[in-house]
Amino acid sequence: MVMKREKKKRCGVIISALLLAGLLFTACGSEETAGDENIAAEAGEENAAAADAEDAAASADDTDGNVTGVSEMEDGDSGTGQVATAEDMVTPEEVVEEGMEPIYGDAVQDGVYEVVVDSSSSMFNIESCTLTVQEGEMSAVLTMGGTGYLHLYMGTAEEAAAAGEADYISFVENEEGQHTFTVPVEALDAGIDCAAFSKRKELWYDRVLCFRADSLPLDAMAKGAVATVESLGLEDGEYTVEVSLEGGSGKAGVTSPTRLTVEGGQAYAVIIWSSPNYDYMKVDGVQYDLANEELGLQGNSAFRIPVGGFDWKMAVKADTTAMSEPHEIDYTLYFDSTTILLQQ
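Residues numbered from 1 in each chain as written. Predicted model: local features only at pLDDT ≥ 70, side-chain atom pairs only at ≥ 80, totals over all residues. Heavy atoms only, no water.

Asker: Would you take a moment to explain the overall build of the protein for this structure?
Answerer: Each helix and strand in the protein was counted, giving 4 helices and 18 strands. Counting every position in the protein, which comprises 344 residues, the buried fraction comes to 37%. Sequence separation of at least 24 residues holds for 63% of the intrachain contacts in the protein that already meet a minimum separation of 6. Surface accessibility of the protein: about 19800 Å² in total, with carbon and sulfur atoms responsible for 51%. (Helix = DSSP H or I, 4+ residues; strand = E, 2+ residues; numbered from the N terminus. Buried < 20%, exposed > 50% of the residue type's maximum accessible area, 1.4 Å probe, protein only. Contact = heavy atoms within 4.5 Å. Areas by Shrake-Rupley, 256 points an atom, 1.4 Å probe, with all protein chains shown as cover.)

Written out as structure tokens, the structure reads:
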């Protein structure tokens, strides 16, 4: 009986030992597994960070400008399909300003002009544009600031994705290696839909372009398209006219109404700035120096410049010496023909 009890006791000890060992083994295995999972998670996070860095570096090839330190929202993953969503794009800007009216090809004289194009997206950087007008039809060569886009389509991104390749406008590389696109221009001073196909993302992005009429030279407008001395029937003499200024930082201004002189069928306006820091103006590439002494004026900068047309935004440049170095600034002047008054 004693021997049987001893055997049972030894068996119980052995079983208990085996059970304890099993529990310890299981616990150790769980700790090791958890440790492996933590290591894997950390490695996954590092891999994800590396992938993000690589994606950010690759995105630099898809920009159209020399932009640094800016998050490329357009390089985010938009999911399936060939049309970029609003989440994929930077916030679009308005390109058609209040008061703009479409100007069609028949209002512009035949010729080739360098014009300014505003884009609704900072990611679609147009470095320069050459406008060609022929028999009322307009087309433009856009020279891009980068090589991130392969095709354009004159319409929306959805229309581009549904169209065929024959309807796409593919880039042409110029001598400097820049991408250029030749596009039709329906009108100036109007919003024109233009879809752009990203090389890296293989998605169509919505853009709106505005070809600015105020960047044309004075003599580009066709006869009758802009009010002139002749069309208004202005005789030689002294007048006043309301003038408004746009451009620059918006802080500068000009005196209005201002003096208007008509001599031999040509109109000249006196422009008096709200600052004495302008030393010359340019109209149609011709420089006009300070005329304060000639006009008998003191104080703020004054110039006498030709007026090629009324009731449209006339592009001018003014050089300011208020900065550390002299700097030419682009402005527009608008002379309102309805406010012209003859001086007795």
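Asker: Before we go on, may I ask you to explain the pairing of strand 12 (residues 258–263) in this structure?
Answerer: Each regular strand shows side chains that alternate between the opposite faces of the sheet. The pairing of strand 11 (residues 237–247) with strand 12 spans 5 bridges and is antiparallel. Within strand 12, the position partnered with Val241 by the bridge is Thr258. Adjacent in sequence and paired antiparallel, strand 12 and strand 13 (residues 266–272) are bridged by 2 residues, among which Gly264 carries a positive phi angle near 60°. (Pairing = 2+ DSSP bridges.)

Asker: Sorry, what's going on with the environment of Gly155 here?
Answerer: Position of Gly155 relative to the elements: it lies in the loop between strand 5 (149–153) and helix 2 (157–162). C-alpha separation for the pair Gly155 and Ala196, spaced 41 residues apart in sequence, amounts to 9.6 Å. When near neighbours in sequence (up to four residues on either side) are disregarded, Gly155 contacts Asp193, Cys194 and Ala195.

Asker: How should I be thinking about the sheet that holds strand 11 in this particular structure?
Answerer: Sheets are built from strands paired through backbone hydrogen bonds, the pairs being either parallel or antiparallel. In spatial order, the strands read 15-14-17-18-11-12-13-16; together these 8 strands make up an open sheet with antiparallel pairing. Edge positions in the open sheet fall to strand 15 (286–289) and strand 16 (302–307), since each of these has one partner strand only. Neighbouring strand axes in the sheet, compared pairwise and without regard to direction, differ in orientation by 35° on average. Both strand 12 and strand 13 contribute to a ladder of 4 bridges, which runs antiparallel. Looking across to strand 13, one finds that Glu263 is bridged to Gln266. (Axes fitted to C-alpha atoms, helices over the stretch in contact; angles between N-to-C directions.)

Asker: Quick question: what am I supposed to make of a negative patch on the surface here?
Answerer: A cluster of acidic residues, Glu158, Glu159, Asp193 and Asp206, forms a negative patch at the surface. With respect to the helices, strands and loops of the structure, Asp206 is situated in strand 10 (residues 204–211). (Patch = residues over 30% accessible without salt bridge, like charges linked within 9 Å, V, L, I, M, F, W, Y side chains within 5 Å. Salt bridge = Lys/Arg side-chain N within 4 Å of Asp/Glu carboxyl O. Lys, Arg positive; Asp, Glu negative; His and termini not counted. Charge placed at Lys NZ, Arg CZ, Asp CG, Glu CD.)

Asker: For this particular structure, what's the right way to read the pairing of strand 11?
Answerer: Bridge count between strand 11 and strand 18 (residues 327–342): 8 bridges; the pairing is antiparallel. In the strand pairing of strand 18, Glu242 is matched with Asp336.

Asker: Please explain unusual backbone geometry as it appears in this structure.
Answerer: Comment: phi is negative for the bulk of residues other than glycine, and the bulk of peptide bonds are trans. With omega at 0°, the peptide bond leading from Ser256 into Pro257 counts as cis. Looking at where Pro257 falls in the secondary structure, it is placed in the loop between strand 11 and strand 12. With phi around 50°, Glu135 is a residue other than glycine that occupies positive phi space. On the basis of relative accessible area, Glu135 is assigned to the exposed category, the value being 71%. Even without a glycine there, the phi angle at Asp284 is positive, about 55°. Mapping Asp284 onto the fold places it in the loop between strand 14 (278–283) and strand 15.

Asker: How should the nonpolar core be read in this particular structure?
Answerer: In summary, soluble globular proteins display a tendency toward joint burial of nonpolar side chains. Within the largest apolar cluster, 69 residues are counted, with the highest numbers of intra-cluster contacts made by Leu142, Leu188, Phe211, Trp273, Phe310, Leu333 and Phe335. Examining the composition of this core, we find that 5 residues originate from one element, strand 18, more than from any other. With near-sequence residues (within four places) excluded, Leu333 lies in contact with Val243, Ser244, Leu245, Ile271, Met281, Ile305, Trp312, Lys313, Met314 and Val316. (Core = buried A, V, L, I, M, F, W, Y, C linked by side-chain atoms within 4.5 Å.)

Asker: For this particular structure, what's the right way to read the sheet that holds strand 4 (residues 137–144)?
Answerer: In spatial order, the strands read 1-3-4-8-7; together these 5 strands make up an open sheet with antiparallel pairing. One side of each edge strand has no neighbouring strand; the edge strands of this open sheet are strand 1 (111–114) and strand 7 (172–173). Of the pairings in the sheet, the one linking strand 4 to strand 8 (residues 179–185) comprises 6 bridges and is antiparallel in character. Note that in strand 8 the partner of Met138 across the bridge is Val185.

Asker: Sorry, what's going on with the packing of aromatic side chains here?
Answerer: Two descriptors summarise a pair of aromatic rings, namely the distance from one centre to the other and the angle between the planes of the rings. Overall, the coordinates contain 7 aromatic pairs when judged by the stated rule. A ring pair is formed by Tyr278 and Tyr331, whose centres lie 6.5 Å apart and whose planes are at 75°; its orientation type is edge-to-face. Note that Tyr278 is positioned in strand 14 and Tyr331 in strand 18, a separation of 53 residues in sequence. With centroids separated by 6.5 Å and ring planes inclined at 80°, the aromatic side chains of Phe310 and Phe335 adopt a geometry described as edge-to-face. On the criterion of sequence distance, the pair formed by Phe310 in the loop between strand 16 and strand 17 (313–320) and Phe335 in strand 18 is long-range, its members being 25 residues apart. Judged by relative accessible area, which is 1%, Phe310 ranks as buried. Grouping aromatic residues by their ring pairs yields a cluster made of Tyr168, Phe197 and Trp204. Above the plane of the ring of Tyr268 lies Arg304, whose end atom (NZ or CZ) is 4.4 Å from the centre. (Phe/Tyr/Trp six-rings, centres within 6.5 Å; stacked < 30°, edge-to-face > 60°. Lys NZ or Arg CZ within 6 Å of the ring centre and 35° of its normal.)

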